[in-house]
Amino acid sequence: MDPTTATNTGLTAAEVSERAARGETNAFESSTSRSVWSIVRANVFTLFNGIILACFLVLLLIGRWQDALFGFSALANTIIGSVQEFRAKRALDRLALLHAPHARVLRDGTEQEIALAEVVLGDLLVLRAGDQVAADARVEVSERLQLDESMLTGESDPVDKGVDDAVLSGSIVIGGGGTAVVDKVGADSFANTLSSEAKQFSLVASELRSSINRVLGWVAWIIGPVSLLVLNAQMVSRGGWAEAIESGAWQDAAVAAIAAIVAMIPLGLVLMTSIAFAVGAVKLANRKVLVQELAAVEGLARVDLICLDKTGTLTEGDIVFDAAHPLSVAPPSAWEDVLAWYGAEPEANATARCLVEPYPVQRVLDPEARIAFSSARKWSAVGFPGSGTWVLGGPEMVFAASSDASHPDAGSHAELRRRAAELAATGRRTLVLAHSPEELTPERAEAERLPGALTPVTLLTFRESVRSDAAETLEFFADQGVAVRIISGDNPQTVAAIAREVGVEAAEGFDARELPTDPDELGEVLETHLVFGRVTPSQKKDIVTALQQRGHTVAMTGDGVNDALAIKQADIGIAMDSGSAATKAVARIILLDGRFSRLPGVVAEGRQVIANIERISMLFLTKTAYATGLAVIFGVMLLEFPFLPRQLSVTDGLTIGIPAFFLALMPNRQRYRPGFLRRSLSFAIPAGIVIALVLALYSRMALDAGISQAELRSGSTLILGIVGLWVLIVLSRPIDGLKIVIIGAMMVGLVLIYAIPIVADFLEFVDLSLTTALLVIGASALAIAGIEVVRFVHRRTAA
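Residues numbered from 1 in each chain as written. Predicted model: local features only at pLDDT ≥ 70, side-chain atom pairs only at ≥ 80, totals over all residues. Heavy atoms only, no water.

Chemist: Hey, could you go over the overall build of the protein chain for me, with residue numbers and the actual values?
Modeler: Per the secondary structure count, the protein chain includes 29 helices and 21 strands. Classification of the 799 residues of the protein chain by burial places 55% in the buried group. A separation threshold of at least 6 residues defines the contact pool for the protein chain, and within that pool the share at least 24 residues apart is 74%. Counting only carbon and sulfur atoms, one obtains 59% of the accessible surface of the protein chain, whose full area is about 33,000 Å². (Helix = DSSP H or I, 4+ residues; strand = E, 2+ residues; numbered from the N terminus. Buried < 20%, exposed > 50% of the residue type's maximum accessible area, 1.4 Å probe, protein only. Contact = heavy atoms within 4.5 Å. Areas by Shrake-Rupley, 256 points an atom, 1.4 Å probe, with all protein chains shown as cover.)

Written out as structure tokens, the structure reads:
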């Protein structure tokens, strides 16, 4: 529906109410990347929790709550994961609220300031310097209206807007003023249309999470038949199914079967991974880095290529004065006062305002005529009484190439253009101040016509303010083997010059207008060029996709709406806090203070998480391996399972859970290497087989020696405790500092659970006979020797 054209008094109150009733308002839900329900669903309704809950309920139903301690692990995992993600969501919601802009409209002939959502179709927006355009609109009145659309298009150059020109929501008024009639609102506006696709939620790719889920998937497939095998063995060992059911011994058989099932699941691995992610996220938050999804802490450590947007990432996004390069041996004496006037002039654009500091006003000048700057013609002019005409603008526009080689100034103008081209090639924006003794008459100013006999006075160079931390951060990534691609909507050569300034070796920039559309051909170009200019928002996304298809793990940084699609597509999206709400909503990581130098700390935190989780995963997966082996062996041999669930819970805590908590948080700057699951399983499976065979051998020999089931379980638990601690020692090497304290404390704990009567009674431990003690010592020594052999082989094959 076309909006009713607003008059110079704007809409009436009745028209506003009518359009609001029809839903033609600018209301748009700018949600964060995750809803509350999606967070709950992801952390509660998991296969892991389902298996544990089923076992937990069975034990409660048969009155064996003492053996249901493992249920608290699942509960803790769910709470930690949910709370951390809720915390990130709330932080982002607060950020979005703080950055919510207002709109200025004309209604009933009166100017009003209203909330962005209250703008309706057909409203007359009042635009002044510094305003953010509230909705897509058509210019009604332009008084040298000039917009910055870089947040939307990536172009940093200002854009002139005349009557009937379109202005886009999210752009900033940087000069002049005017009014515009709103023709698109809410979800139909350019900025919201661009960001709506980006806000479709997707989980960050996590090797740790996918590997753990794969293990849980394997366990899920085998847990059914293995649990039936174990249950059958427990029933048979208690006199057969009929007798066990009739005597009530089936309950003991069910408890033993559940012990085998729970032992097969790496209970604490998911919990420890969540804790490591959560602690990493909290540590990063203290460094002004907001992690929206826990696995993003890991993700950046796996990145091997990072795409950087120039404006707002490598640069501060503003223009600063660089230097003056006089061209005349004896320039007119007033030239510095003219530059001071240009800088202090109320309607000065961003470039002219940079002249305030180097050229403060020493003498007040009163112009008799002026021609305002236009980005279309790239120059402005001003005339002062008795001082002639002064022109400031692009050299190639002020001094157009003369076709007359005999012209007396042709040689000097050619030299001017050569010098200007040299300066521009360094990435600096170049303007010329020229002078003519002719007066700038009002008629000439009205016709926007330059006087003749212009003489170049000085070249002025401006540069974008490069972030002080950009070069150091890029050097860090280079040292770590992370490749860099710089993509921007600006001029390719300007971008290349900025890139060279921060240490990227780029001879020239590639013009994205020449990029191929075929993904394979695009990938080839991306492998050979480092810097790209004139890149559109859709091309940024295509660039990220093409790099991913070539096997790269890609991070993307940016701050504008034009970066949102690429940030969402990237494996890890990183947004600056100064960026748009849409960009921050889809980013995995937000640099709250906008400091690019925060990224090395994020990488280091991610590497600590990966390296430590790989270490503790070997502990948990070793338990899964030996538990599965025990279940199969005891099921086939029709033997009673040698543990109660509570006994396994205690040994798990002492040999895996408690030490894993500390190991997961220790400093570790080991570089990321692909193949986390393969390396973990190459140790865990053979080590688990050794432990399972030794425990089966011990059980068989103990039964042959006539040892009671209670004593057999006490001995089995002791063997598992000793061997588990040895696995901990092997995986913690080198043993120093805090590791000595942790391992020593666990050894003391193992002694105490046997020595403290109330604990021993709860765990149903009994005193060991000499025969059992000798079997325990022999089995432990045999298992330790086998684990040392496994670790010796693993270290060489893994390396």
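Chemist: Would you mind going over unusual backbone geometry in detail, with residue names and values included?
Modeler: With an omega dihedral of 0°, the bond running from R733 to P734 counts as a cis peptide bond. The topology assignment puts P734 in the loop between helix 26 (709–732) and helix 27 (738–755). One non-glycine residue, D108, adopts positive backbone phi at about 55°. Along the chain, the position of D108 falls in the loop between strand 1 (102–107) and strand 2 (110–115).

Chemist: Requested: an account of the pattern of salt bridges, with residues and values cited.
Modeler: Throughout the structure, instances matching the rule amount to 21 salt bridges. D322 serves as the salt-bridge partner of R463, at 3.5 Å between the closest nitrogen and oxygen. Remark: D322 occurs in strand 10 (residues 315–326) and R463 occurs in strand 15 (residues 455–466); sequence separation between them is 141 residues. The class of D322 is partly exposed, set by a relative accessible area of 25%. Salt bridges sharing common partners tie together E18, R22 and E24. (Salt bridge = Lys/Arg side-chain N within 4 Å of Asp/Glu carboxyl O.)

Chemist: Account for the pairing of strand 1, with residues named and values stated.
Modeler: By the criterion of burial, strand 1 is predominantly enclosed, with 5 of the 6 residues buried. Sheet topology note: the strand 1/strand 2 ladder contains 6 bridges and is antiparallel. In the strand pairing of strand 2, H102 is matched with A115. Two elements, strand 1 and strand 3 (residues 124–128), share 2 bridges in a ladder whose sense is antiparallel. By the bridge assignment for strand 3, L106 is matched with L124. (Pairing = 2+ DSSP bridges.)

Chemist: Quick rundown of the pairing of strand 20 (residues 572–576)? Include the residues and the values.
Modeler: Taken across its 5 residues, strand 20 has 5 buried, putting it largely inside the fold. Residue alternation in strand 20 divides its side chains into two sets, I572, I574 and M576 and G573 and A575, and both sets are buried. The pairing of strand 19 (residues 554–558) with strand 20 spans 4 bridges and is classified as parallel. Counted as the bridge partner of T557 is I574 from strand 20. Of the pairings in the sheet, the one linking strand 20 to strand 21 (residues 589–591) comprises 3 bridges and is parallel in character. If you follow M576 over to strand 21, its bridge partner there is L591.

Chemist: I'd like to hear about helix 9 (residues 250–264), residue by residue, with values.
Modeler: Relative to the 21 Å expected for 15 residues at 1.5 Å per residue, helix 9 spans 21 Å between its end C-alpha atoms, a close match to the ideal helical length. Burial analysis of helix 9 places 12 of its 15 residues in the buried class, the great majority of the element. (Expected span 1.5 Å × (residues − 1).)

Chemist: So what's going on with a nonpolar patch on the surface? Residues and values would help.
Modeler: A surface patch of nonpolar side chains, about 490 Å² in accessible area, is lined by L53, L57, L60, W65 and F762. No other element matches helix 3 (residues 47–61), which puts 3 residues into the nonpolar patch. Its place among the elements puts L53 in helix 3. (Patch = residues over 30% accessible without salt bridge, like charges linked within 9 Å, V, L, I, M, F, W, Y side chains within 5 Å.)

Chemist: How would you explain the nonpolar core if you had to name every residue and give the values?
Modeler: Counting residues in each nonpolar core, the largest one holds 132 residues, and the members touching the most others are L300 and I589. The leading source of residues in this core is helix 23 (residues 599–637), at 16 residues. Beyond its immediate sequence surroundings of up to four residues, I589 is in contact with V289, L290, A296, L300, I572, G573, I574, A575 and V602. One finds L290, C307, L547 and M556 within the second-largest nonpolar core, a separate group that totals 24 residues. (Core = buried A, V, L, I, M, F, W, Y, C linked by side-chain atoms within 4.5 Å.)

Chemist: Residue-level account of the sheet that holds strand 19, with values.
Modeler: Taken together, the 8 strands give an open sheet; going across it, the order is 8-21-20-19-9-16-18-17, and neighbouring strands pair in mixed fashion. The open sheet terminates on both sides in strands that have one partner only, identified here as strand 8 (289–291) and strand 17 (510–511). The strands that helix 20 (residues 537–549) touches are strand 9 (305–309), strand 16 (483–487) and strand 19; relative to strand 19, the one it contacts most, it runs at about 160°. (Axes fitted to C-alpha atoms, helices over the stretch in contact; angles between N-to-C directions.)

Chemist: Got a sec to walk through the packing of aromatic side chains? Specific residues and values, please.
Modeler: Think of a pair of aromatic rings as described by two things: how far the centres are apart, and how the planes are tilted against each other in angle. Enumeration according to the criterion identifies 11 aromatic pairs in this entry. Between F476 and F477 the ring centres are 5.6 Å apart and the planes differ by 65°, which places this aromatic pair in the edge-to-face class. On the accessibility criterion, F476 (22% relative accessible area) is partly exposed. Note on F477: relative accessible area 3%, which makes it buried. On the basis of an interplanar angle of 55° and a centroid distance of 5.8 Å, the ring pair of F510 and F532 is categorised as tilted. Of this pair, F510 sits in strand 17 while F532 sits in strand 18 (residues 531–533), and the two are 22 residues apart along the sequence. Given a relative accessible area of 15%, F510 falls into the buried group. Overall, the relative accessible area of 0% leaves F532 in the buried class. An aromatic cluster is present here, built from F321, W335, Y359 and F462 joined pairwise through their rings. Between the NZ or CZ atom of R646 and the centre of the ring of F762, over which it lies, the distance is 5.5 Å. Taking NZ or CZ as reference, R791 lies 5.7 Å from the ring centre of F683, over its face. (Phe/Tyr/Trp six-rings, centres within 6.5 Å; stacked < 30°, edge-to-face > 60°. Lys NZ or Arg CZ within 6 Å of the ring centre and 35° of its normal.)

Chemist: I'd like a description of the packing of helix 17 (residues 470–479) against helix 23, backed by residues and values.
Modeler: Two packed helices can be described by the angle between their axes and the distance between those axes. Relative to each other, helix 17 and helix 23 sit at 30°, their axes nearing to 9 Å. Regarding the angle of helix 17 to helix 23, the classification is roughly parallel. Contact with helix 17, carried on its side by T473, F476 and F477, involves L599, P600 and V603 of helix 23 and no other residues of that element. Grouping the constituent residues of the contact of helix 17 with helix 23 by class yields 5 nonpolar, 1 polar and no charged. (Parallel < 35°, antiparallel > 145°, perpendicular 65-115°, else oblique. Nonpolar A, V, L, I, M, F, W, Y, C, P; charged D, E, K, R; others polar.)

Chemist: Before we move on, can you summarise the environment of Q539 with the specific residues and values?
Modeler: Relative to the assigned elements, Q539 resides in helix 20. Here Q539 falls in the buried class, since its relative accessible area comes to 17%. As for Q539 and L565, which are separated by 26 residues in sequence, their C-alpha atoms are 9.6 Å apart. Those residues within four positions of Q539 in sequence are excluded, and the remaining contacts are A512, L515 and R534.

Chemist: Let's hear about the environment of A220: which residues, and what values?
Modeler: Among the secondary structure elements, A220 is positioned in helix 7 (residues 207–237). Using a relative accessible area of 27% as the deciding quantity, one classes A220 as partly exposed.

Chemist: Give me the packing of helix 26 against helix 27: which residues, what numbers.
Modeler: At a closest axis distance of 11 Å, the pairing of helix 26 and helix 27 adopts a crossing angle of 180°. In terms of orientation, helix 26 lies roughly antiparallel with respect to helix 27. Side by side, helix 26 and helix 27 meet where S714, T717, L718, G721, I722, L725, L728, I729 and S732 of the first sit next to K739, I743, M746, M747, L750 and Y754 of the second. A breakdown of the residues in the contact of helix 26 with helix 27 according to their chemical character gives 10 nonpolar, 4 polar and 1 charged.

Chemist: Residue-level account of the confidence of the model for the protein chain, with values.
Modeler: Per-residue confidence for the protein chain gives a mean pLDDT of 81, with 87% of residues at or over 70. Low confidence marks residues 95–100, where pLDDT is under 50. Its contacts with residues over four positions away, or in another chain, come to 6 contacts. (pLDDT = per-residue confidence, 0-100.)

Chemist: Kindly report on the side chain of E711, identifying the contributing residues and their values.
Modeler: Within the fold, E711 resides in helix 26. Buried charged residue E711 carries no salt bridge. Nearest counter-charge: R713, at 12 Å. Looking at E711, its side chain comes within polar contact range of the side chain of S769, at 2.7 Å. Sequence-distant contacts of E711, that is, excluding residues within four places in its chain, are made with Y698, V766, D767, L768, S769 and T772. (Lys, Arg positive; Asp, Glu negative; His and termini not counted. Polar contact = N/O pair within 3.5 Å; in protein donor to acceptor, adjacent residues only side chain to side chain.)

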